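If you want the building blocks of each chain, they are given just below.
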Amino acid sequence: QVQLVESGGGLVQAGGSLRLSCAASGRTFSSYSMGWFRQAPGKEREFVAAIRWSGGSTYYADSVKGRFTISRDNAKNTVYLQMNSLKPEDTAVYYCATRIGLILPQTPVNAVAYWGKGTLVTVSS
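In this report, the structure presented in the accompanying data block is examined.

Here is what the cut-offs are and how they apply
Residues numbered from 1 in each chain as written. Predicted model: local features only at pLDDT ≥ 70, side-chain atom pairs only at ≥ 80, totals over all residues. Heavy atoms only, no water. Helix = DSSP H or I, 4+ residues; strand = E, 2+ residues; numbered from the N terminus. Rg over C-alpha atoms; globule rule 2.2 N^0.38 Å. Buried < 20%, exposed > 50% of the residue type's maximum accessible area, 1.4 Å probe, protein only. Contact = heavy atoms within 4.5 Å. Lys, Arg positive; Asp, Glu negative; His and termini not counted. Charge placed at Lys NZ, Arg CZ, Asp CG, Glu CD. Disulfide = S-S within 2.5 Å. Core = buried A, V, L, I, M, F, W, Y, C linked by side-chain atoms within 4.5 Å. Phe/Tyr/Trp six-rings, centres within 6.5 Å; stacked < 30°, edge-to-face > 60°. Lys NZ or Arg CZ within 6 Å of the ring centre and 35° of its normal.

**A few points about the overall build of the chain**
Argument step 1. For the chain, the count of helices and strands is zero helices and eleven strands.
Argument step 2. Relative to its length of 125 residues, the chain is compact, with a C-alpha radius of gyration of 13 Å against a globular reference of 14 Å.
Argument step 3. Each principal axis of the C-alpha distribution contributes one length, and for the chain these read about 40 × 30 × 25 Å.
Argument step 4. Considering the chain as a whole, with its 125 residues, one finds that 42% of them fall into the buried category.
Argument step 5. Contacts in the chain between residues far apart in sequence, at least 24 positions, make up 58% of those at least 6 positions apart.
Argument step 6. Here the chain holds 13 positive side-chain charges and 7 negative ones, and the gap between their average locations is 7 Å.

**Some points on the state of the cysteines**
Argument step 1. Counted under the stated rule, the structure contains one disulfide.
Argument step 2. At a sulfur-sulfur separation of 2.0 Å, the disulfide partner of Cys 22 is Cys 96. Judged by the sign of its S-S torsion, about -80°, the bond between Cys 22 and Cys 96 is left-handed. Of the two residues, Cys 22 is situated in strand β3 (residues 18–25) and Cys 96 in strand β9 (residues 92–100); the sequence distance between them amounts to 74 residues.
Argument step 3. On the basis of relative accessibility, which here comes to 0%, the residue Cys 96 falls in the buried class.

**Focus on the nonpolar core**
Argument step 1. With 36 residues, the main nonpolar core has Met 34, Trp 36, Leu 81, Met 83 and Tyr 94 as its most contacted residues.
Argument step 2. Listed by contribution, the elements that provide at least two residues to this core are β3, β4 (32–39), β5 (46–52), β7 (68–73), β8 (78–83), β9 and β11 (119–124).
Argument step 3. Ranked by residue count, the leading element in this core is β5, at five residues.

**Details of unusual backbone geometry**
Argument step 1. Backbone geometry places Asn 77, a non-glycine residue, at a positive phi of 50°.
Argument step 2. Positionally, Asn 77 belongs in the loop between β7 and β8.
Argument step 3. Residue Ser 85 is not a glycine yet carries a positive backbone phi of 50°.
Argument step 4. Within the fold, Ser 85 resides in the loop between β8 and β9.

**Quick notes on the packing of aromatic side chains**
Argument step 1. Counted by the stated rule, this structure contains five aromatic pairs.
Argument step 2. Seen from their ring centres, Phe 29 and Tyr 32 are 5.3 Å apart, and the 75° between their planes marks the pair as edge-to-face. Tyr 32 matches Phe 29 in its accessibility class, with the two residues each being buried.
Argument step 3. Taking the centre distance of 6.0 Å and the plane angle of 50° together, the rings of Phe 29 and Trp 53 count as tilted. With Phe 29 in the loop between β3 and β4 and Trp 53 in the loop between β5 and β6 (58–60), this pair connects stretches of sequence that are 24 residues apart.
Argument step 4. In this structure Trp 53 comes out as buried when scored by relative accessible area, which is 7%.
Argument step 5. Three or more aromatic residues joined by ring pairs form one cluster here, namely Phe 37, Phe 47, Tyr 95 and Trp 115.
Argument step 6. The residue whose ring lies beneath Arg 45 is Tyr 95, and the NZ or CZ to ring-centre distance is 3.7 Å.
Argument step 7. Lying over the aromatic face of Trp 115, Arg 45 brings its terminal NZ or CZ to 4.6 Å of the ring centre.

Okay, structure coming up:
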């Protein structure tokens, strides 16, 4: 059973930084991609960033390029999302996700196999 547990959310002022973590268990993830999605109040869940577990290729939404960095620690089975220069429009619940194969900006939400419970990020102006 795949389990994804997020941590690191919180309240931060605009221009600040946060680092989210996602601890994964229950599989050997070498064939998987790990991703972060977010859902703001009243909006649909959207792609933020993803990384291939093997090889480390990364993908980003245009709205976060240059500000967010996704990375992984293979030994800890953990994926991170470093978020810098945060804006009020980054306020959302952030979800960790995984599936076999790629997670790309155009990957539909219903194509993702596993989700964490989410962690709230609030950016005040």
